[in-house]
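# Inside the fold
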Amino acid sequence: MRYWVLVAIYLLGGLQSAAADGTRGFILASSCFNCHGPGGVSKGSMPDISALSATQIATALKAFRDGSKEATVMDRLARGYTDDEVAAIAQWFDHSKAAGRSK
């Protein structure tokens, strides 16, 4: 019995961690909404990033950050994110797209 209680606690802890990661990703990604629109769906002149994969978003953010991709503002914004934060943002957009929340 104690074994199953420990297994349940372990699994629930993993679920809470996944939920916390999703919340962190949303909080970080929400700063993108200011220019790219809610969920990354742009209605204006900014690029629509809602359909990009996690790899595409992470690659672009890292390229903006290291200066290998030209930008007007993104190079400065991207410098503020760590690799873990870039991954959380990219994953949030990818999961959001899969869940149908971005459009």
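Below you will find a few notes about this structure.

Parameters at a glance
Residues numbered from 1 in each chain as written. Predicted model: local features only at pLDDT ≥ 70, side-chain atom pairs only at ≥ 80, totals over all residues. Heavy atoms only, no water. Helix = DSSP H or I, 4+ residues; strand = E, 2+ residues; numbered from the N terminus. Buried < 20%, exposed > 50% of the residue type's maximum accessible area, 1.4 Å probe, protein only. Contact = heavy atoms within 4.5 Å. Areas by Shrake-Rupley, 256 points an atom, 1.4 Å probe, with all protein chains shown as cover. 1 Å grid on protein atoms, 1.4 Å probe; cavity = no way out; pocket = protein on both sides within 12 Å on 5 of 7 lines; lining within 4 Å. Points joined across faces, edges and corners; volume = space filled by probe spheres on them. Nonpolar A, V, L, I, M, F, W, Y, C, P; charged D, E, K, R; others polar.

## Overview of the overall build of the chain
Tallying secondary structure elements over the chain gives five helices and zero strands in all. The order of helices and strands in the chain, counted from the N terminus, is α-α-α-α-α. A burial count over the chain gives 31% of its 103 residues as buried. For the chain, the share of sequence-separated contacts (at least 6 apart) that also reach a separation of at least 24 residues comes to 56%. Here the chain has roughly 7,000 Å² of accessible surface; of this, 61% comes from carbon and sulfur atoms.

## A closer look at the layout of surface pockets
In this structure, the largest pocket spans a volume of roughly 510 Å³. Taken together, 21 residues form the lining of the largest pocket, with H36, I49, L61, F64 and M74 sitting closest to its centre. Elements supplying a minimum of two residues to the lining of the largest pocket: α2 (33-36), α3 (54-66), α4 (74-78) and α5 (83-99). With four residues, the single largest contributor to the lining of the largest pocket is α3. Across the lining of the largest pocket, the residue classes tally to 17 nonpolar, three polar and one charged.

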